[in-house]
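The primary structure of each chain is shown beneath.
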Amino acid sequence: MNGMKHIIMSAVVACFAQTAVAERADGDAERGENVYKKCSSCHKVGDGARNRVGPQLNLLFQRPAGSIEGYKYSNSMLRAGADGLVWDYTSLDTYLENPKSLISKTRMNFRGLKDADDRADVMAYLRQFSDNPANIPEASPTFVGTDHSVDPEILALQGDPEYGEYLSSECVSCHQIDGADTGIPSITNWPTEDFVVAMHAYKDEKRIHPVMQMMAGRLSAEEIAGLAAYFEKVGE
Amino acid sequence: MKLNRRNFIGSAAAVSATLSAPMVMAGSHGKPKVVVIGGGAGGATVARYLAKDSKGAIDVTLVEPTRNYYTCFFSNLYIGGFREFSSIGHTYGKLAAEYGINVIHDWAIGVDRDAKTVTLAGGGTLPYDRLVLSPGIDFKEGAVPGWDVSAQQKMPHAYKAGSQTQLLKAQLEAMPQGGTFAMVAPPNPFRCPPGPYERVSMVAHHLKTNNPTGKILVLDPKPKFSKQALFQEGWTNHYDGMIDWVGPDFGGDKVEVRPDAMEVVIDGEVTKVDVCNVIPAMKAGKIAEIAGVTNEAGWAPVHAATMATKADENIHVLGDSSAQGDMPKSGFAANSQAKVAAMAIRGALTGSKVFPAKFTNTCWSLIDTDDGIKVGASYEATDEKIAKTDGFISKTGEDAALRKATYEESVGWYDGITSDMFG
């Protein structure tokens, strides 16, 4: 079974190798910065950008898939990297169009950018943070917690993971603890800060999902911190 | 129990293993024992959480007659052709192998509340410190004149998933062109409030493709039903003119059926039908009645904070069988109640910490391809009942992308809750 996947993946990689450089290396970076807003709640890029829900995206071009130290990738992504998948215009274009068509079990919960211009533009924007022309990213990193600002006192709360484990029994009626994410996003192994920001965004009704607004609405800041502490480490 | 050397050593070991716990109420037979009857959303969940969270300190036995359990939730999607039958089937292998639960495939037929034992149809007897009943629903006899369980082959209820669901789907597929599918809907309260209306939608979806001149006749004793505006909007959008819903104003509450003749009599008027899905009035699963914990209406009143019955503090009732207050009878609700009960039982038997009870429910329904809707609420335990604190419902006129996302969310939820139940 594993061998089979291996062969398919190698074939995919070979395909990319043949087309070498993609047809669309001509995107509009300024427009791409705007498209990137769809990515920026999970991915940071720019000077000092750190891994968040997703890995940081500096020096993305020519980076082997699944290769950032300290970021917890899906096994699918690690396998793709081991099989030789490298991010370039062609592979990124395919991945961004429909992430799960390339990496079937990627943890990236994103439907994809269907518009080829959007993809070309966002790649042009990200290209600025890669080797040649810009070896070292100079722009400031995309703002942490872009979709909602949370009181620093709340962010500083140290959650009790044991309490979080108890509270998590409500979450796992829908969200699977092993990180599977068909239809319902994975919340496993998020950085605590992102978890807390997302939950407070629901609580404050800035994020609009009705179930999550209801769930977060009755959780206290301590309870959210506890859940964040539990989900950060679960399964490790 | 007579004290001998073996059980003395056993008790000493048990005490030293649990020194950190503030109290141990294990009675005279070593590890505390919990027997769970019914392996659905309530029973499988409570068994799994008790075993998982007590880390072996509680001896958990799960009694469930079937080896292959089919979930009622998503069984309508099988009828509509959106799921394979095998995709709603589950087994108990992981609960036994990975969680150490003693899974017994048998019927519980008796409860001795004084001796604290359960009798099995196969002849066994199970002692318990706490008993959890999660037996789902049974049908009230004589609820629909002309129908009893002996008629369920001709007029299936398909309201306990399994062979009945397969039978109803086969009858639907064999229905003659232009024929009539009738449903006798149940009065409140009943399992899965949107269930009959999602089923109507799924039957309509099948007919639209395979039998476009077919008709659906819904005979309903209730003047209104769950998510009514959403369903009726969807029926107009997708199945215009196919579905005739007859409420109590037009005789939906005065229905008799004649299974041998395949007729329904609506307020005295005889109508010939080709398929007839009779969903009678419901009551708690029989074992709850046998245990003597049900009320006159046929349900088991429970304390909200623990799900322990008002009749017996050592017996808990979960899910459809319980009379708990504001929660609907749903798989999601039973799963939610099971976690509260598991926490309360562990607290009582091993002294583990008990946090305030919280409950949630969401019910998704599918109207047609990629047209999903949902309703949900959160709840808390008061002295009187499980009380609703907040809620939401899908809106009419939502765009297609949101409806598709709602459906996809329900598919994700199915995977989530079934792994939460069966490991």
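Before reading on, note that the structure itself is shown above.
Values in this document were obtained by computation on a predicted structure and should not be read as measured data. (Residues numbered from 1 in each chain as written. Chains lettered and ligands numbered in written order. Predicted model: local features only at pLDDT ≥ 70, side-chain atom pairs only at ≥ 80, totals over all residues. Heavy atoms only, no water.)

Asker: Any chance you could explain the interface of chain B and chain A here in plain terms?
Answerer: One frequently used descriptor of interface size is the decrease in accessible area upon assembly of the parts. Each side of the interface is counted separately: chain B has 33 residues, and chain A has 21 residues. Summing both partners gives a buried area of about 2100 Å² for chain B against chain A, and 56% of it is carried by carbon and sulfur. Considering only the side of chain B, the residues that lose the most area to chain A are Phe355(B), Lys358(B) and Phe392(B), jointly responsible for 27% of the buried surface there. When the shortest N-O distance is used, the salt bridge between Glu223(A) and Lys358(B) registers 3.3 Å. Where chain B meets chain A, there are 15 residue pairs in polar contact (both at pLDDT 80 or more). Mapped onto the side of chain B that touches chain A, the elements with two or more residues apiece are α9 (331-350), β22 (358-368), β23 (371-381), β24 (386-393) and α10 (400-422) of chain B. Here the side of chain B that touches chain A is built from residues that sort into 14 nonpolar, eleven polar and eight charged. (Contact = heavy atoms within 4.5 Å. Buried area = accessible area lost by both parts, 1.4 Å probe. Salt bridge = Lys/Arg side-chain N within 4 Å of Asp/Glu carboxyl O. Polar contact = N/O pair within 3.5 Å; in protein donor to acceptor, adjacent residues only side chain to side chain. Helix = DSSP H or I, 4+ residues; strand = E, 2+ residues; numbered from the N terminus. Nonpolar A, V, L, I, M, F, W, Y, C, P; charged D, E, K, R; others polar.)

Asker: Can you help me understand the pairing of strand β6 (residues 108-112) of chain B in this one?
Answerer: Both faces of the sheet carry side chains from a regular strand, because those side chains alternate between them. All names here are of chain B. Inspection of the sheet shows β6 paired to strand β7 (residues 117-120) by four bridges, in the antiparallel sense. What sits directly across from valine 111, in β7, is valine 118. The turn linking β6 back onto β7 is made up of four residues, and lysine 116 within it adopts a positive phi angle of 55 degrees. (Pairing = 2+ DSSP bridges.)

Asker: How should I be thinking about the packing of aromatic side chains in this particular structure?
Answerer: Both the distance between ring centres and the angle between the ring planes are used here to describe each pair of aromatic rings. Residue and element names in this part refer to chain B. Scanning the model with the defined rule gives 29 aromatic pairs over all chains in all. Measuring from centroid to centroid gives 5.2 Å for phenylalanine 73 and tryptophan 413, while their planes differ by 50 degrees, and the two rings are tilted. Of this pair, phenylalanine 73 sits in the loop between β3 (69-70) and α3 (75-79) while tryptophan 413 sits in helix α10, placing them 340 residues apart in sequence. For the pair formed by phenylalanine 73 and tryptophan 413, the shared burial category is buried. Ring geometry for tyrosine 92 and phenylalanine 422: centres 5.6 Å apart, planes at 70 degrees, overall edge-to-face. Of this pair, tyrosine 92 sits in the loop between β4 (89-90) and α4 (93-97) while phenylalanine 422 sits in helix α10; the two residues are 330 residues apart in sequence, bridging distant segments of the chain. Owing to a relative accessible area of 3%, tyrosine 92 belongs among the buried residues under this scheme. Connected via pairs of aromatic rings, a cluster forms that spans Phe73, Phe74, Phe332, Trp364, Trp413 and Tyr414. When the ring centre of tryptophan 299 is taken as reference, the NZ or CZ atom of lysine 329 above it lies at 3.8 Å. (Phe/Tyr/Trp six-rings, centres within 6.5 Å; stacked < 30°, edge-to-face > 60°. Buried < 20%, exposed > 50% of the residue type's maximum accessible area, 1.4 Å probe, protein only. Lys NZ or Arg CZ within 6 Å of the ring centre and 35° of its normal.)

Asker: Help me understand the side chain of Thr165(B), please; the structure alone is not making it clear to me.
Answerer: Mapped onto the elements of the fold, Thr165(B) is located in helix α5 (residues 163-173). Apart from residues lying up to four places away in sequence, Thr165(B) is in contact with Ser75(B), Tyr78(B), Ile79(B), Phe85(B), Ala158(B) and Lys160(B).

Asker: Sorry, what's going on with the pattern of salt bridges here?
Answerer: Side-chain pairing between opposite charges can occur once the charged atoms of the two side chains come close. All names here are of chain B. Considering all chains together, one arrives at 31 salt bridges over all chains under this definition. Notably, a salt bridge pairs aspartate 220 with lysine 222, separated by 2.9 Å at the nearest N-O pair. For lysine 222, a relative accessible area of 5% corresponds to the buried category. When the shortest N-O distance is used, the salt bridge between glutamate 233 and arginine 403 registers 3.6 Å. Taken together, the positions of glutamate 233 in helix α7 (residues 228-238) and arginine 403 in helix α10 put the pair 170 residues apart, joining distant regions of the chain.

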